[in-house]
Amino acid sequence: MWDDAFPSFLIGLREGLEAGLIVSVLVATLVRAGAKSRLPQVWTGVLAAIALSLSFGAVLTFTAASLSSTAQEAFGGTLSIVAVAFVTAMVFWMRRSARNLAGEIKEKVTEALAMGAGVLVLTSFLAVGREGLETALFLWTTARAANESAGPLAGAGVGLVLAAGLCWGLYRRVLRINLTRFFTVTGAVLVVIAAGVLGYGLRDLQEGGVLPGGTAYAFDLSGSMDAGSWYSTLLQGVLNLTPTMTWLQVAGYAGYLAVVMTLFVRGVSGARTARGAGAAGVAPDGRAVAAGPAPAGPAEGAAPGRPQPAAAAHAASAASVSASAGEDVPPRSGNAAPNQSAVPAPASPRTRRRPAWLLPVAVVVVPAVLAGLVVALARPKPSGGETVAVSETDCGQGFTAPRPGRQTFQMRNTGDKTSEVYLIDPATNAVYGEIEGLAPGTTRDLVATVAGGSYAWRCVPTDGKAVTSKAVRVAGAAGSTAVVPVSERDLAAPLKAYRAYVDRGLATLVRQTRRLDDDIRSGHLDTARTDLLTAHRTYASLGAAYGTFEDFDQKINGRPDGLPGGVHDKDFTGFHRVEYGLWHGQSAAQLKGPAQQLADNADGLRKAFPHQDFDPSDLPLRAHEILENTLQFELTGDTDQGSGTGLATADANLAGTRELLTVLRPLLTTRAPHLLPTVDADIARLQALLDSEHRAGRWTPVARLDRTAKARIDGATGQLLEDLSPVPDLLEIRKSA
């Protein structure tokens, strides 16, 4: 999260400081002109700018969500390019205009005071609104690149709060900052970040089919780079550098960085000779306080109201480094009247006053309403706005060709039986969306993203035959992701292969538990400790069958959790019971009973397994659940009864997952060709981390892992689980098959 927050923090800090300095100059100029009564007009303009920026962000978020996946990629890529252009222009504009910023704003305020309230509101609105729109756009692109919003929003919030504090400190003359150096350093960092956003945007355009070269990779380090490591996370979160990048991404990144950074550095070097020293804070009376050394400035601690030399009394830009030439600021005493010569205060005619709250409320409500209208109009409606009726005899009544984009279909069961309803591609039976258990007389929404292709409804009533509607054709480019359904017949071969694997494993387990029993009967407890680990690893590698083993799993591998007597309870049996005794000083005589019981249960399981019901749907579920349990129990030390071999069990669980994926590979390859290479790389990464903790035949106990090693193993396991999470859905048995 926090690695994704840094780019947004920097843009929030910089844009917030720019907008805050502009507001500071506006406020200070009005105070100096004796026009404090006009300050609400400034804050109204600022409020309108904030409302517009938030509304703009909402429009970006909700309109993009209504697009198809391909259109979303193209839309996001285009806006990423636009964001890079805005950020680049902002960096160069601030470098060029900083020194004259305050003078320009003061001139606009002087004109606004002479022309009326509306112009002053518009001046502050335009000055702050540009920064707000840039912030909203850049924040949206960084959130999209991070695939989450918490980090970018938190970073931007912290940056804006810090910027507000800095501006307050500068205005109150309690803080001095070299703003020139600040904008130079942050400008250089933003150029580097913008290069990453450009590369990400180009990749989105490739995935959206706008640009070619989507499969022309310049490098692919996914197999050798630890995606969960701190350095990989930092590079991806801050710089948008990923382990896999295309040639176009690399060319765009390197080309932008070389050209823009060169121009930026050259401009900074050329401006140093012409730039004055220091940055400025703005006092309430409009005078600038130099933050750096000045050629002819007042001495530190000069008494308030004492006349200062003309060179030091020049009004300085609140965002800049030098004084505005020729503007002499006369001293003010405590009783002195405001300087009326600087800005005339025109008399306003008596008019009927409107309520003070009306304009602030309007500038907030109007952008919000307009944004809501844009989102509502941009969001696609269900086809013809009609309900799609389904029944056991007629499926998809009222269905017409929908428009491309995100669609919500109202599915109403007009029949007498509960039905499964699927939106399918009739040519391949691939499923775009589904509703399970639609009861008679009920209506439920089915949300699906529609792109170019063929669509039909398939209804499967309880105890009835499947009914398929007439197919419709949607024009446009293909892009929607559909899942080719799996039937029990499809899983029959993988199930047969896995049952054979488990059967062999159970035969081995029986031999190993008998050997363990013999060790304990003979009093060879040291040998028993080694043989216990060997037998337990064999059992741990059979994880996909745990649901089939029925009560045998608790007898063979149960934990003392929840038992009234804990580790001393009579129902605490199996591997963990023997482990507890071997590592807590129990004698061979005390362990004979538990060891023999373990061997007998292993033999009983081997005999019962061929007759046990193995649900084929367990296979894809266990592909994720085996390591989920590993992360919850073995990698927390929860199952350790003294041997410290939790990593050995985790290693066996990984081997069992690898075997399960081997039998499921043919089904996964045709449905998600890019998933298995990613998972294989994750498995290799986790295997290497586990192997590094297995030295001289001994495993490092989980409790003794150093913080870095523990974080790496947990991170690699979590990443593998995340990449395995689509497997249950991809291989779910569907009646539409």
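Keep in mind the model is a prediction, meaning the values are calculated, not measured.

J.: Describe the sheet that holds strand 5 (residues 388-390), naming the residues involved and giving the relevant values.
T.: Spatial strand order, 6-5-7-10: four strands in an open sheet with mixed pairing. Because the sheet does not close on itself, it has two edges, and the strands there are strand 6 (395-397) and strand 10 (443-450). Taking the axes of each pair of neighbouring strands and ignoring which way they run, one obtains an average angle of 35° across the sheet. Relative to strand 7 (residues 405-413), strand 5 is paired through three bridges, and the arrangement is parallel. Across the sheet, valine 390 pairs through a bridge with asparagine 413, a residue of strand 7.

J.: Outline the pairing of strand 9 (residues 430-438), supporting the account with residue identities and numerical values.
T.: Two faces belong to every sheet, and in a regular strand the side chains alternate between them. By the bridge criterion, six bridges tie strand 8 (residues 419-425) to strand 9 in an arrangement that is antiparallel. Looking at strand 9, one finds that isoleucine 424 is bridged to valine 431. Counting the residues that bridge the hairpin from strand 8 to strand 9 gives four residues, and of these asparagine 429 lies at a positive phi of roughly 65°.

J.: I'd love a proper account of the state of the cysteines, names of residues and values included.
T.: This structure, assessed with the given rule, holds one disulfide. Here cysteine 395 connects covalently by a disulfide to cysteine 459, the sulfurs 1.9 Å from one another. Taking the torsion about the sulfur-sulfur bond, which here is approximately 70°, the covalent link between cysteine 395 and cysteine 459 counts as right-handed. Linking cysteine 395 in strand 6 with cysteine 459 in strand 11 (residues 453-461), this pair joins segments that are 64 residues apart in sequence. On the accessibility criterion, cysteine 395 (4% relative accessible area) is buried. Residue class for cysteine 459 comes out buried when judged on its relative accessible area of 0%.

J.: Which residues make up the packing of helix 19 (residues 675-691) against helix 20 (residues 707-724), and what values do they have?
T.: Two packed helices can be described by the angle between their axes and the distance between those axes. Look at helix 19 against helix 20: their axes get within 9 Å of each other, and the N-to-C directions meet at 160°. The angle between the axes of helix 19 and helix 20 places the two elements in the roughly antiparallel class. Here the hand of the crossing between helix 19 and helix 20 comes out left-handed. Note on element contacts: helix 20 touches helix 19 through Arg712, Ile713, Ala716, Thr717, Gln719, Leu720, Asp723 and Leu724, opposite Leu675, Thr678, Val679, Asp682, Ile683, Leu686, Leu689 and Leu690. A per-class count over the contact of helix 19 with helix 20 returns 10 nonpolar, three polar and three charged.

J.: Describe the packing of aromatic side chains, naming the residues involved and giving the relevant values.
T.: Following the criterion strictly, the structure yields 11 aromatic pairs and no others. Plain terms: the ring middles of phenylalanine 92 and phenylalanine 264 are 6.0 Å apart, the flat faces sit at 85° to each other, and that makes the pair edge-to-face. Here the residue phenylalanine 92 occupies a position in helix 3 (residues 69-97), and phenylalanine 264 occupies one in helix 9 (residues 247-271), the gap between them amounting to 172 residues. For the pair phenylalanine 92 and phenylalanine 264, a shared accessibility class is recorded, and that class is buried. Plain terms: the ring middles of phenylalanine 399 and tryptophan 457 are 5.6 Å apart, the flat faces sit at 75° to each other, and that makes the pair edge-to-face.

Basis of the calculations
Residues numbered from 1 in each chain as written. Predicted model: local features only at pLDDT ≥ 70, side-chain atom pairs only at ≥ 80, totals over all residues. Heavy atoms only, no water. Pairing = 2+ DSSP bridges. Helix = DSSP H or I, 4+ residues; strand = E, 2+ residues; numbered from the N terminus. Axes fitted to C-alpha atoms, helices over the stretch in contact; angles between N-to-C directions. Disulfide = S-S within 2.5 Å. Buried < 20%, exposed > 50% of the residue type's maximum accessible area, 1.4 Å probe, protein only. Parallel < 35°, antiparallel > 145°, perpendicular 65-115°, else oblique. Left-handed = near helix turned anticlockwise from the far one by under 90°. Contact = heavy atoms within 4.5 Å. Nonpolar A, V, L, I, M, F, W, Y, C, P; charged D, E, K, R; others polar. Phe/Tyr/Trp six-rings, centres within 6.5 Å; stacked < 30°, edge-to-face > 60°.

The values are spatial; any link to function lies outside them.
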